Amino acid sequence: MRDPSWQQNRRILLIDDNEAIHEDFRRILRSDAEPSAFDSLESALFRESPGRRPVRFELTCATQGAEGLEKIREAQQAGAPYALVFVDVRMPPGWDGIETLSRIWKEDAAIQAVICSAYSDYSWEEISTRFGTTDNLLILAKPFDPNEVRQMAFALTEKWNQRRALSEANYNVSAQYTVTRILVESTTLSEGILALLGALGETLGFRYAALWLGDDESDGLRCEHTWSAAPDDAAELEAATRDTRFARDAGLPGRALAQGEPTWFSDLDAVEDDPRAPAARRAGLRFAVELPIAVRADAQVAAVLELMDAERREPDPRLLDVLLAVAAKAGHFIGSKRVEAALRRSEANNRALLDAIPDTILRLSSDGVCLDFKASRESRPSLRAGDFLHRHVSDVFPARVAEQIAERVARALTDEVTHVFEYQEQLREGTRDYEVRIAGSDRAEAVVIVRDITERKRAEAETEARRAREEALRAQNEILAALSTPLIPISDDIVVMPLVGALDAQRTRRVQETLVRGVAARRAHVAILDITGVPQIDGQCADELLRAAVAVRLLGSEVIITGLRPDVARTLVELGVDMSGIVTHNTLQNGIASAMTSASARGKRRRRRPRSRA
């Protein structure tokens, strides 16, 4: 259904030097004129009831061509152009109607025109030659019929409105098509946004555009990209825009986002909560529209499309329809590009993780065919992607290994357990060891990881060999330690421990342990500690030897130290070592003789001991 007539452009300009003609046109085009045959015809054509609201024409008059041309210019600048102009042919002393109309069409090519003439000053052929083929021109002969004037006025203004509506529809479709093409052809979010802002600015007549994206870290808005028809003039605004972050209820974009609907700011001079407003005014911008964008596939992210212009505009439903359609496409584009970017990051991370794994990785089908392959960083020549992809494992692995892989793949797909086995392969450079791990990724595929464990096996063998050597060395040390502190029995109750070589703290403690355990085990009454072969004794060693002697005495046995040379004795005296209670002899022979004498005396005492009475 067409729009009501009073909402259409019915602005008419009459250019005639006769004031009486002006009055006739005012009377003819008056909205309260009596119904005419034209009204009935119009109602029939548009299937409207005869009682409909009459057409309201807005008539402006001029007496000369130059005056009329100036009114045309003023209407264009005000954004309220005339739909129709009636031009008299003769208007002395100025331009005639043909010259006037020629100049008018240079200013406004869309205006409909009627040439009014009572004389045959110009034939139709001459007019056609002057203006060319055009459907914007009719000729009205004087004297004219009022119904004919009203018919022309209505038909030509209606024609102007229909053309404007069609032009706007084509314009809107063209704008949406341009946006759609840009977004489809853009490969990255940044590329698409930048092209989108430029296309909107150029096709919709804005001088500045910006896109604000939700910032998850600050829960606010940050500028993603800007566009300007005059970059030099808007340099300050662009810098301020890029440096500004808005909360979700502050500034022009934040307020629009908080309201959740398109917001028109018809006068930037009245904006106080946006620090960019002064820079915008200095760039000659007075109007802004902020359009919230719902980003699909990411409910936590919002965006705002910002458009600015030098001319103040009132809310335009048709422009709003275009912007809403663009916002829907932009939201889908931003969401899809964010998802694609996340997928690319995930794929890159996964690929980096796989590349960091030093193993050969295969993806096998349930029947053993390689679906995907990644060679290890140090893969042998036979482990190449071209040799594995789309081939059966039996074609690339040794037969016995391929059998094991096929068997374990079948088991892994059934029991969902990781299966591990090892194998060796003889190559020209030597024997290599491999570990194979197989796990089912789903019921139809399995992942096989082949790891070269040659170096690990070699390291394990070396570790085991080193452990065996250390164990043998430890056993040898124990034997040597035992040999270095021998405890020799010379009778049932006499033991001798000859010491040879230097004494350190560790060896002295071993002397003490061996001597005490040996005396206790053999129940010896005398322990001879011979230090003839000890070249030097320090204070710590002397203390340890005295502790050994004290320990033996606590067991009820006697300790004899032999081989005490004069220099050693002098050292012990200088060190203040207390040797009281310890029997000493200069030679082992004298010590043994003393011990034997003591043993003989103990035997005689036992024999003289009276027997107990029964």
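Residues numbered from 1 in each chain as written. Predicted model: local features only at pLDDT ≥ 70, side-chain atom pairs only at ≥ 80, totals over all residues. Heavy atoms only, no water.

Help me understand the sheet that holds strand E17 (residues 488-489) in this model?
The pairing of strands in a sheet comes from backbone hydrogen bonds and takes either a parallel or an antiparallel form. In space, the 5 strands of this open sheet follow the order E17-E18-E19-E20-E21, with mixed pairing throughout. In this open sheet, the two edge strands, each paired with only one partner strand, are E17 and strand E21 (583-585). Across the face of the sheet, helix H15 (residues 505-522) comes into contact with E17, strand E18 (494-500) and strand E19 (526-533) while running at roughly 165 degrees to E18. (Pairing = 2+ DSSP bridges. Helix = DSSP H or I, 4+ residues; strand = E, 2+ residues; numbered from the N terminus. Contact = heavy atoms within 4.5 Å. Axes fitted to C-alpha atoms, helices over the stretch in contact; angles between N-to-C directions.)

Help me understand the pattern of salt bridges in this model?
Side-chain pairs of opposite charge can arise whenever the charged atoms involved come near each other. One pass over the full model with this rule turns up 24 salt bridges. Note that Arg11 is salt-bridged to Glu58, the shortest N-O span being 2.7 Å. You can see Arg11 sitting in strand E1 (residues 11-15) and its partner Glu58 sitting in strand E2 (residues 58-62), a full 47 residues away along the chain. What makes Arg11 buried here is its relative accessible area of 17%. Across the pair Arg451 and Asp359 runs a salt bridge whose closest N-O atoms are separated by 2.8 Å. Placement of the pair is Arg451 in strand E16 (residues 445-452) and Asp359 in the loop between helix H11 (317-356) and strand E12 (360-365), with a sequence separation of 92 residues. A single network of salt bridges, built from pairs that share partners, joins Glu422, Glu435, Arg437, Arg456, Lys457 and Glu460. (Salt bridge = Lys/Arg side-chain N within 4 Å of Asp/Glu carboxyl O. Buried < 20%, exposed > 50% of the residue type's maximum accessible area, 1.4 Å probe, protein only.)

Help me understand the packing of helix H3 (residues 65-78) against helix H4 (residues 97-107) in this model?
Packing of H3 against H4 brings their axes to within 10 Å, and their N-to-C directions diverge by 15 degrees. Accordingly, the angle class assigned to the pair H3 and H4 is roughly parallel. Viewed along their axes, H3 and H4 form a crossing whose handedness is right-handed. Contact with H3, carried on its side by Gly65, Leu69, Ile72, Arg73 and Gln76, involves Thr100, Arg103, Ile104 and Glu107 of H4 and no other residues of that element. A class-by-class count of the residues in the contact of H3 with H4 yields 3 nonpolar, 3 polar and 3 charged. (Parallel < 35°, antiparallel > 145°, perpendicular 65-115°, else oblique. Left-handed = near helix turned anticlockwise from the far one by under 90°. Nonpolar A, V, L, I, M, F, W, Y, C, P; charged D, E, K, R; others polar.)

Would you explain helix H8 (residues 235-243) in this entry?
Turn by turn, an α-helix covers 3.6 residues, leaving residues three or four places apart pointing in a common direction. Here H8 has its buried residues at Leu237, Glu238 and Thr241. End-on view of H8: buried residues confined to an arc of 100 degrees, all on one side of the axis. (Arc of directions from axis to C-beta.)

It is not clear to me how a nonpolar patch on the surface should be interpreted in this structure. Could you clarify?
Nonpolar side chains collect at one region of the surface, where Ile488, Ile490 and Met596 lie side by side and expose about 240 Å² of accessible area between them. Among the structural elements, Ile488 can be located in strand E17. Under the relative-accessibility criterion, Ile488 is labelled partly exposed at 39%. (Patch = residues over 30% accessible without salt bridge, like charges linked within 9 Å, V, L, I, M, F, W, Y side chains within 5 Å. Areas by Shrake-Rupley, 256 points an atom, 1.4 Å probe, with all protein chains shown as cover.)

Where do I start with the packing of aromatic side chains in this structure?
Two measures describe an aromatic ring pair: the distance that separates the ring centres and the angle between the ring planes. Here the structure, examined in full by the defined rule, presents 10 aromatic pairs. Ring geometry for Phe421 versus Tyr423: centroids 6.4 Å apart, planes at 35 degrees, classification tilted. Exposure remark for Phe421: the relative accessible area of 6% places this residue in the buried category. Plain terms: the ring middles of Tyr423 and Tyr434 are 5.2 Å apart, the flat faces sit at 25 degrees to each other, and that makes the pair stacked. (Phe/Tyr/Trp six-rings, centres within 6.5 Å; stacked < 30°, edge-to-face > 60°.)

Could you clarify how one ought to interpret unusual backbone geometry in this entry?
Backbone phi values are negative for most residues with the exception of glycine, while trans is the configuration of most peptide bonds. Of note, the amide linkage connecting Pro92 to Pro93 takes the cis form, showing an omega dihedral of 10 degrees. Along the chain, Pro93 turns up in the loop between strand E3 (84-88) and H4. Positive phi is not limited to glycine here, since His390 has a value of about 65 degrees. Tracing the backbone shows His390 in the loop between helix H12 (385-388) and helix H13 (399-415).

Would you mind showing me how to read the nonpolar core here?
Generally speaking, a soluble globular protein has its nonpolar side chains buried in company with each other. With 30 residues, the main nonpolar core has Leu200, Leu211, Leu305, Leu307 and Ile334 as its most contacted residues. Broken down by secondary-structure element, the contributors of at least two residues to this core are helix H6 (146-185), helix H7 (189-204), strand E6 (208-215), strand E10 (287-294), strand E11 (302-309) and H11. For Ile334, the residues in contact, after removing those within four places along its chain, are Leu189, Leu211, Leu213, Val295 and Ala303. Counting 28 residues, the second-largest nonpolar core is a separate cluster that includes Val495, Met497, Leu515 and Val568. (Core = buried A, V, L, I, M, F, W, Y, C linked by side-chain atoms within 4.5 Å.)

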